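Next come the chains, spelled out residue by residue.
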Amino acid sequence: MPLDLQQIRQQFPSLRRPAIFLDNPGGTQIAQASLDRMLAYLTQHNANHEGVFATSRESDAVLEEAHRAMADFLNAECPEEIVFGNNMTSLTLHISRSISCTWKPGDEIVVTHLDHDANITPWVLAAQDRGVSVRWVDFHPEDGTLNLEEMGKALEGKPRLLAFGYASNALGTINPVKKVVEMAHAAGALVYVDAVQYAPHGPIDVQAIDCDFLVCSSYKFFGPHTGALYGRYALLDELFPYKVRPVPNDPPGKFETGTQNHEGLAGVLGAIEYLEWVGGTFGGDYVEKYAERYSERRLRLKQAMATIRSYEFEISRLLLDVLEETPGVTIYGLTDPRRLEERVPTFSFTLKGWHPRQVAEELDKAGIYVWDGNYYASAVTERLGLEESGGMVRVGPVHYNTVEEIDRLGEAIRRIATNKG
Ligand SMILES: Cc1ncc(COP(=O)(O)O)c(C=O)c1O
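As the structure is a computational prediction, the values presented were derived from the model and not from experiment. (Residues numbered from 1 in each chain as written. Predicted model: local features only at pLDDT ≥ 70, side-chain atom pairs only at ≥ 80, totals over all residues. Heavy atoms only, no water.)

1. Let's talk about the site of the ligand
Lining the immediate environment of the ligand, one finds Asn-87, Met-88, Thr-89, His-116, Ala-118, Asn-169, Asp-194, Val-196, Gln-197, Ser-217, Tyr-219 and Lys-220. Here an oxygen atom of the ligand and a side-chain polar atom of Lys-220 are 2.6 Å apart. With the chains in place, 90% of the 390 Å² that the ligand exposes on its own is no longer accessible. (Near = heavy atom within 4 Å. Polar contact = N/O pair within 3.5 Å; in protein donor to acceptor, adjacent residues only side chain to side chain. Areas by Shrake-Rupley, 256 points an atom, 1.4 Å probe, with all protein chains shown as cover.)

2. Re helix α6 (residues 148-155)
Of all the residues in α6, the buried ones are Met-151, Ala-154 and Leu-155. Buried residues of α6, viewed axially, fall in a sector of 95°; they line one side. Contacts from the buried residues of α6 go to β3 (108-112), β4 (133-137), β6 (145-146), β7 (161-165) and α7 (177-186). (Buried < 20%, exposed > 50% of the residue type's maximum accessible area, 1.4 Å probe, protein only. Helix = DSSP H or I, 4+ residues; strand = E, 2+ residues; numbered from the N terminus. Arc of directions from axis to C-beta. Contact = heavy atoms within 4.5 Å.)

3. Remarks on the sheet that holds β4
Strand order in this open sheet of seven strands is β2-β10-β9-β8-β7-β3-β4, and the pairing throughout is mixed. The strands lining the two open edges of the sheet, one partner per strand, are β2 (82-85) and β4. Strand-to-strand twist across the sheet, computed as the mean angle between neighbouring axes with direction ignored, equals 20°. Both β7 and strand β8 (residues 190-194) contribute to a ladder of five bridges, which runs parallel. What sits directly across from Leu-162, in β8, is Val-191. Of the strands in this sheet, β2, β9 (213-217) and β10 (227-231) are in contact with helix α3 (residues 54-74), which crosses β2 at around 115°. (Pairing = 2+ DSSP bridges. Axes fitted to C-alpha atoms, helices over the stretch in contact; angles between N-to-C directions.)

4. Here's the deal with the side chain of Glu-256
Position of Glu-256 among the secondary structure elements: in the loop between α9 (233-238) and α10 (262-282). In this structure Glu-256 is buried but unpaired, with Lys-254 as the nearest side chain of opposite charge at 12 Å. Apart from residues lying up to four places away in sequence, Glu-256 is in contact with His-67, Ile-82, Val-83 and Phe-84. (Lys, Arg positive; Asp, Glu negative; His and termini not counted. Salt bridge = Lys/Arg side-chain N within 4 Å of Asp/Glu carboxyl O.)

5. Observations concerning the packing of aromatic side chains
According to the stated counting rule, one finds 15 aromatic pairs in the structure shown. Seen in terms of ring centroids, Trp-103 and Trp-123 are 6.4 Å apart; in terms of plane orientation they differ by 40°. Their pairing is tilted. Highlighted residues: Trp-103 in the loop between α4 (88-100) and β3 and Trp-123 in helix α5 (residues 121-130), separated in sequence by 20 residues. An identical accessibility class is assigned to Trp-103 and Trp-123; each is buried. One aromatic cluster is present, formed by Phe-12, Phe-222, Tyr-274, Trp-277, Phe-282 and Tyr-400 through successive ring pairs. Directly above the aromatic system of Tyr-242 lies the positively charged group of Arg-97, at a separation of 3.9 Å from the ring centroid. The ring of Tyr-375 carries Arg-394 above its face, with NZ or CZ at 4.1 Å from the centroid. (Phe/Tyr/Trp six-rings, centres within 6.5 Å; stacked < 30°, edge-to-face > 60°. Lys NZ or Arg CZ within 6 Å of the ring centre and 35° of its normal.)

6. A few points about the environment of Leu-334
Following the sequence through the fold, Leu-334 ends up in the loop between β11 (329-332) and β12 (347-351). Taking the relative accessible area as the measure of exposure, Leu-334 reaches 3% and is therefore buried. Counting along the chain gives 162 residues from Leu-334 to Gly-172, while the straight-line C-alpha distance between them is 7.8 Å. The contacts of Leu-334, once residues within four sequence positions are left out, are Asp-143, Thr-145, Arg-339, Glu-342, Arg-343 and Phe-347.

7. Some points on the pairing of β12
On any regular strand, side chains alternate: one points to one face of the sheet, the next to the other face. The buried count for β12 comes to five of five residues, which makes it a mostly enclosed element. Every second residue of β12 is oriented toward a common face, with Phe-347, Phe-349 and Leu-351 on one face and Ser-348 and Thr-350 on the other, all of them buried. For β11 and β12, the ladder comprises four bridges, and the chain directions are antiparallel. By the bridge assignment, Ile-331 is partnered in β12 with Phe-349. The pairing of β12 with strand β15 (residues 392-395) spans three bridges and is classified as antiparallel. If you follow Ser-348 over to β15, its bridge partner there is Arg-394.

8. Quick look at the sheet that holds β15
Spatially, β11-β12-β15-β14 is the arrangement adopted by the four strands of the open sheet, whose pairing is antiparallel. Edge positions in the sheet fall to β11 and β14 (371-373), since each of these pairs with one other strand and no more. Recorded for the sheet is a direction-independent mean angle of 30° between the axes of neighbouring strands.

9. Topic: helix α13 (residues 356-365)
Of all the residues in α13, the buried ones are Pro-356, Val-359, Ala-360 and Leu-363. Projected down its long axis, α13 shows its buried positions confined to an angular sector of 100°, all on one face. The elements touched by buried residues of α13 are β12, β13 (368-369), β14, β15 and α15 (403-419). Remark: Gly-367 follows α13 within two positions and exhibits a positive phi of approximately 75°.

10. Here's the deal with the pairing of β8
Among the five residues in β8, four count as buried, and that is most of the element. Read from β7 through α7 to β8, the crossover connection turns out right-handed. In this sheet, β9 lies alongside β8 in parallel orientation, the contact comprising three bridges. Within β9, the position partnered with Tyr-192 by the bridge is Phe-213. (Right-handed = clockwise from strand over helix to strand, strands pointing away.)

11. Points about the pattern of salt bridges
Under the counting rule described, the total for this entry stands at 19 salt bridges. For Arg-160, the salt bridge is made with Asp-107, and the minimal N-O distance between the two is 2.8 Å. Taken together, the residues span a long stretch of sequence, with Arg-160 in the loop between α6 and β7 and Asp-107 in the loop between α4 and β3 at a distance of 53 residues. Look at Asp-107 and you get buried, because its relative accessible area is 18%. Salt bridges sharing partners connect three or more residues here, namely Glu-65, Arg-68, Asp-72, Arg-297 and Arg-298.

Read these as spatial facts, not as claims about activity.
Written as structure tokens, this is what we have:
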């Protein structure tokens, strides 16, 4: 059953604003279910962790349920494999200290030019601290896909770690994650996957892709500003934690330093409940496909993400047409309509004669919100030679965006393109 956009949009109070939100790769709007969970937490259960009194017990129950829900979302083996934190960047900076503890001078690690800087610099800094060298894997500038030949060569150095992304926040490319993890494991490397951009667009199964770590951020998938890290239990268990003494030595607590953002965790739970509703309401077509491997909430979440992905193909196709029809537009990343499976609907482009900032400002005047610049994927804009000229304009629909909104974006861009340049 296809998504009912009217019903979907009713779940997002901020979509009542007369605006077109295409800034989603920078952060989505929040679902009512997530807001409800946060309000209920703060007004009914607000307390610190591990007290013997009622609100503390209730609060702990919410935090535990948030870990369970996130484990279901990612198909982790158990909730103890989920570490919450402020955001992906802070989690990565933190755990990179623990992961790099055993690196020795002469060791190597691998990062890619296609990644957001949050999955590059934490590793480069850790490497500097330990006297470890960093190898960079390129992407093909003509279509934004990862250079797998170079990846193979980089892995020949038997690196300690490969850090790479599930999907690019600049070019929209979805990497062949399972295959790359296999290649890295064959070379003896641990694999750290940044799934921040992929999480709102498709199903994730950490056991199927067999990664060691995977990170995402709930404000990119309809929840509040809170990050989550999956780590294989045995690894989390053995890693040295940078923590204060009274904190337990078991995962995930040993990495959840200080008082957590409890209302944020409640909000993550609510966002996942929203997605569970999407799966249960609209995901009927995917029951058969997934029922063998998943059940209950895990199944409904897979149904949700598959339904969302299928709707987003249509939106991608339309957006691609709209951009390609506009004179002066250059799209960076995959544009072959037969290869939409290999991308999320995040499209970046430049418009001849216009600075990306000016395009974003003109679109804002039309009530259309988009990003411009490098969105912290500075390795991408540098590689494409666009860093000095203001980067690119980025439009990123999600499943609550409508066909009419994409049409209106098209009209607005064509108006800008024909005014000047
Ligand atoms: C691909 C990717 N990785 C990492 C991040 C950083 O996430 P956070 O803001 O949670 O630190 C972002 C944010 O835009 C991103 O798009």
